[in-house]
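Here are the chains, one letter per residue:
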Amino acid sequence: CDVLVFLRAVRIPDLLPRPTMSLTVKAYLDRPGAQGTPPEHEIRRFAIDPSVSSSYDYLSRKVAQVFPCLSEPGNFQLFWKDGEGDLVSFSSDEELLEALGFVSDGIFRIYVKATGSGSSQPTPGDAQPDGTFHPNVVCDGCN
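Now for a quick tour of the structure. (Residues numbered from 1 in each chain as written. Predicted model: local features only at pLDDT ≥ 70, side-chain atom pairs only at ≥ 80, totals over all residues. Heavy atoms only, no water.)

1. Some thoughts on the overall build of the chain
- Within the chain, the regular secondary structure consists of 3 helices and 5 strands.
- Each helix and strand of the chain, ordered N terminal to C terminal, gives the series α-β-β-α-β-β-α-β.
- Across the 143 residues in the chain, those meeting the buried criterion constitute 27%.
- In the chain, the share of contacts with a sequence separation of at least 24, taken over all contacts with a separation of at least 6, comes to 53%.
- For the chain, the accessible area works out to roughly 10,100 Å², and carbon and sulfur atoms hold 52% of it. (Helix = DSSP H or I, 4+ residues; strand = E, 2+ residues; numbered from the N terminus. Buried < 20%, exposed > 50% of the residue type's maximum accessible area, 1.4 Å probe, protein only. Contact = heavy atoms within 4.5 Å. Areas by Shrake-Rupley, 256 points an atom, 1.4 Å probe, with all protein chains shown as cover.)

Right, dumping it as structure tokens:
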């Protein structure tokens, strides 16, 4: 009995599923309001191509682009929320990959905190123990 077997060489990457959909990012920015006013909340959604979805540099540039008030990537810090509800800071490709592992519904939620010159508003960390705000001033004590 003669049996003919046809073999076809296939590269391993050709067997892996190819991501064709972009990653949806939902970004939450909380900025302190003017003195005595509640914080301002801004939410933006945007898509990232799968080929750059694990690049922290690309993501931070995109965040700076969609939130013009941040002006450039060095003026903010990015966080994601873990399974326990804690905000976890990330600032590298490796940390971004860990965060992406926690995406459960197809939307990567990030939390943006302004840190540099792109945010001229006082932050809660600027408050004195009695709640008084003195932006850009370190107080010895208030009268």
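Resuming the write-up.
2. What about the packing of aromatic side chains?
- For the coordinates displayed, the defined rule picks out 4 aromatic pairs.
- With 5.9 Å between their ring centres and 85 degrees between their planes, Tyr-56 and Phe-90 make a pair best called edge-to-face. Here Phe-90 lies in strand β4 (residues 87–90) and Tyr-56 lies in helix α2 (residues 56–66), a separation of 34 residues in the sequence.
- Seen in terms of ring centroids, Trp-80 and Phe-102 are 4.8 Å apart; in terms of plane orientation they differ by 40 degrees. Their pairing is tilted. Placement of Trp-80 in strand β3 (residues 76–81) and of Phe-102 in the loop between α3 (93–100) and β5 (107–114) is noted, with a sequence separation of 22 residues between them.
- Given the relative accessible area of 47%, Phe-102 is considered partly exposed.
- These aromatic residues form a ring-pair network of at least three members: Tyr-56, Phe-90 and Phe-108. (Phe/Tyr/Trp six-rings, centres within 6.5 Å; stacked < 30°, edge-to-face > 60°.)

3. Here we look at the sheet that holds β3
- The strand order β2-β1-β5-β3-β4 describes an open sheet built from 5 strands, whose pairing is mixed. Each edge of the open sheet is held by one strand with a lone partner, namely β2 (40–48) and β4. For this sheet the average axis-to-axis angle between neighbouring strands, irrespective of direction, equals 30 degrees.
- Across 4 bridges, β3 lies against β5 in antiparallel orientation. Along β5, the bridge assignment pairs Phe-79 with Tyr-111. (Pairing = 2+ DSSP bridges. Axes fitted to C-alpha atoms, helices over the stretch in contact; angles between N-to-C directions.)

4. Topic: the nonpolar core
- Counting 24 residues, the largest nonpolar core has Leu-59, Val-63, Leu-78, Phe-90, Phe-108, Ile-110 and Val-112 as its most contacted members.
- Only β1 (23–31), β2, α2, β3, α3 and β5 provide two or more residues apiece to this core.
- A total of 5 residues in this core trace back to one element, the largest contributor, which is α2.
- Leu-78 has contacts with Tyr-56, Leu-59, Ser-60, Val-63, Val-88, Ser-89, Phe-90, Ile-110, Tyr-111 and Val-112, leaving out every residue within four places of it along the chain. (Core = buried A, V, L, I, M, F, W, Y, C linked by side-chain atoms within 4.5 Å.)

5. Focus: the pattern of salt bridges
- Applying the stated criterion across every chain yields a total of 2 salt bridges.
- Note that Glu-42 is salt-bridged to Arg-44, the shortest N-O span being 2.6 Å.
- The class for Glu-42 is buried, based on a relative accessible area of 18%. (Salt bridge = Lys/Arg side-chain N within 4 Å of Asp/Glu carboxyl O.)

6. Some points on the side chain of Ser-60
- Considering the arrangement of structural elements, one finds Ser-60 in helix α2.
- Residue Ser-60 is classed as buried on the basis of its relative accessible area of 5%.
- Here Asp-57 takes part through its backbone oxygen, which lies 3.0 Å from a polar atom of the side chain of Ser-60. (Polar contact = N/O pair within 3.5 Å; in protein donor to acceptor, adjacent residues only side chain to side chain.)

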